[in-house]
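# Close look at the chain arrangement
Letter by letter, the chains look like this.
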Amino acid sequence: MEETAYHIPAMLTETIAGLDIKPAGVYVDATFGGGGHSRAIMAKLGEKGRLYSFDQDMDAYENELKDEGEGKRLHGEGERLNGEGGGLHTDARWHFVHSNFRYLPQWMDYYGIEQVDGILADLGVSFHHFDSPERGFSFRFSAPLDMRMNTQQKMTAADVVNSYDEESLARVLYLYGELKNGKALARQICKQRAAAPILRTEQLAEFVKDKKDAAKLFQALRIEVNDEMGALRDLLTGAKELLRPGGRIVILTYHSLEDRLVKNFLRAGNLEGEIEKDFYGNAVTPFKVIEKGLTASEEEVARNPRSRSAKLRVGCKEG
Ligand SMILES: C[S@@+](CC[C@H](N)C(=O)[O-])C[C@H]1O[C@@H](n2cnc3c(N)ncnc32)[C@H](O)[C@@H]1O
């Protein structure tokens, strides 16, 4: 079988610029995936620099282990991104953390790190998830309804589809899939599952007419199964405490709900998006907003269509 790219990093140049990397700094890539962003960060770090790359999916690390420094593993268009040498796993400055990024502060504590210089999160799933039929993320293949990024987690998409009450299911479809007919869809799903459980991707895809709605339906379930909004809230809260003054937070979002959350957080410094005032009535804003929703260039979208929905936001922690 022809090897396909594990992932093509979105907005690589803009993301690295946003991190404003200091060679001796400590950085976190919360979403390692195919390692494209991590590799580019490492290329800017000196001997004293450190990078902690998180991924809750062990496939990401196993893919990295395949890299013997001979361009064996494909990055994007089959090129290595940072020159020669072995894979990241052979570099003592790099640590892989197999965990949900929501536990970032606990992990930094474990490693004895009080503050970091930059945190990157490139949210959502990788191409590998969409392109691996057995993971159940895609309506393009027939597979069990799974959609777990962390395969050690218990709850699958089949559990959500077959056990949520109609109202909760409708909320998931409406909020996370932006499906205007979420209520009607939830009703149909509940009716159908009363006759027989819905266990496969193709059964679920039958509830919608076109590919666009199928993508939305699958996205909604994926976000719920992996508690993506909850994990992002925890990441933002932890990141605010961990970043040193002048440190950067760089987030790539792929749908409006997560983007709104990040936007409000960077603007106000809290999850509610409400700007607090000090005793004298001055606004207290923990971040200076550096980038307000930059999108991929036309040239990048032509080369990598999946970068179309990416939005980049960058904040700098105030001193
Ligand atoms: C869009 S991909 C990142 C791609 C990466 N920037 C690259 O250059 O290849 C997102 C990755 O983050 C991981 N991920 C998503 N949410 C996570 C979470 N809450 N905790 C840890 N990893 C997560 C996914 O498993 C996936 O591998």
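For the structure, check the block above.
For the structure given in this document, a descriptive report is provided here. Not measured: the values here are computed from a predicted model.

## Details of the overall build of the chain
Secondary structure summary: the chain contains 13 helices and nine strands in total. Its C-alpha atoms give the chain a radius of gyration of 20 Å, near enough to 20 Å, the size a compact globule of 319 residues would have. Its C-alpha atoms give the chain principal-axis dimensions of about 60 × 60 × 40 Å. Counting only residues that meet the buried cut, the chain has 52% of its 319 residues in that class. In the chain, the share of contacts with a sequence separation of at least 24, taken over all contacts with a separation of at least 6, comes to 69%. Each charge class in the chain can be summarised by its mean position, and for the 43 positive and 50 negative side chains these summaries are 5 Å apart.

## Digging into the nonpolar core
Counting 61 residues, the largest nonpolar core has Met108, Val116 and Leu204 as its most contacted members. Beyond its immediate stretch of four places on either side in the chain, Val116 contacts Val26, Val28, Met108, Leu242, Leu243 and Arg244. Grouped together as the second largest cluster of nonpolar side chains are 25 residues, Ile16, Leu19, Phe32 and Met42 included.

## A closer look at the pairing of strand E1 (residues 26-29)
The side-chain alternation of E1 yields two buried faces, one formed by Val26 and Val28 and the other by Tyr27 and Asp29. Note: E1 against strand E2 (residues 50-54), four bridges, orientation parallel. In the sheet register, Tyr27 faces E2, and the bridge partner there is Leu51. In this view, the connection linking E1 to its parallel neighbour E2 by way of helix H2 (residues 36-42) has right-handed handedness. Where E1 and strand E4 (residues 116-122) come together, three bridges link them in parallel fashion.

## Some thoughts on helix H10 (residues 211-225)
The terminal C-alpha atoms of H10 lie 21 Å apart, and with 15 residues this matches the ideal 21 Å at 1.5 Å per residue to within 8%. Listed as buried for H10 are Ala214, Leu217, Phe218, Ala220, Leu221, Arg222, Ile223, Glu224 and Val225. In this structure, the buried side of H10 is in contact with helix H5 (127-131), helix H6 (157-163), helix H7 (166-177), helix H9 (201-205) and helix H11 (228-242).

## Observations regarding unusual backbone geometry
Trans is the common state for peptide bonds, and a negative phi is the common state for residues other than glycine. In the Ramachandran plot, Asp20 falls in the positive-phi region, its phi being about 45° despite a non-glycine side chain. Note on placement: Asp20 falls in the loop between helix H1 (12-19) and E1. In the Ramachandran plot, Glu178 falls in the positive-phi region, its phi being about 50° despite a non-glycine side chain. When you line up the elements, Glu178 lands in the loop between H7 and helix H8 (182-195). You can call Glu178 partly exposed: its relative accessible area is 39%.

## Observations regarding the packing of aromatic side chains
Summed over all chains, the structure comprises 12 aromatic pairs. Ring geometry for Tyr61 versus Phe96: centroids 4.7 Å apart, planes at 20°, classification stacked. With a gap of 35 residues between them, Tyr61 in helix H3 (residues 58-65) and Phe96 in strand E3 (residues 94-97) connect regions that are remote in the sequence. Note on Phe96: relative accessible area 15%, which makes it buried. When the ring of Trp107 is compared with that of Tyr110, the centres are 5.5 Å apart and the planes differ by 80°; the resulting orientation is edge-to-face. With Trp107 and Tyr110 both in helix H4 (residues 104-110) and three residues apart, the pair spans about one turn of that helix. For Tyr110, a relative accessible area of 61% translates into the label exposed. Three or more aromatic residues link up through ring pairs in this structure, and these residues are Phe32, Tyr61, Trp94 and Phe96. The side chain of Arg306 reaches across the aromatic face of Phe127, ending 4.5 Å from its centre.

## Structural notes on the sheet that holds E3
A sheet is described by the order of its strands in space; here seven strands give the open sequence E3-E2-E1-E4-E5-E9-E8, paired in mixed fashion. Both outer strands of the open sheet, E3 and strand E8 (287-295), are each paired with one neighbouring strand and no more. Direction aside, the axes of adjacent strands within the sheet are offset by 15° on average. The strands that H1 touches are E1, E4, strand E5 (243-253), E8 and strand E9 (311-317); relative to E5, the one it contacts most, it runs at about 160°. The strands touched by H11 within the sheet are E4, E5, E8 and E9, with E5 carrying the most contacts at an inclination of about 155°.

About the criteria used
- Residues numbered from 1 in each chain as written.
- Predicted model: local features only at pLDDT ≥ 70, side-chain atom pairs only at ≥ 80, totals over all residues.
- Heavy atoms only, no water.
- Helix = DSSP H or I, 4+ residues; strand = E, 2+ residues; numbered from the N terminus.
- Rg over C-alpha atoms; globule rule 2.2 N^0.38 Å.
- Buried < 20%, exposed > 50% of the residue type's maximum accessible area, 1.4 Å probe, protein only.
- Contact = heavy atoms within 4.5 Å.
- Lys, Arg positive; Asp, Glu negative; His and termini not counted.
- Charge placed at Lys NZ, Arg CZ, Asp CG, Glu CD.
- Core = buried A, V, L, I, M, F, W, Y, C linked by side-chain atoms within 4.5 Å.
- Pairing = 2+ DSSP bridges.
- Right-handed = clockwise from strand over helix to strand, strands pointing away.
- Expected span 1.5 Å × (residues − 1).
- Phe/Tyr/Trp six-rings, centres within 6.5 Å; stacked < 30°, edge-to-face > 60°.
- Lys NZ or Arg CZ within 6 Å of the ring centre and 35° of its normal.
- Axes fitted to C-alpha atoms, helices over the stretch in contact; angles between N-to-C directions.

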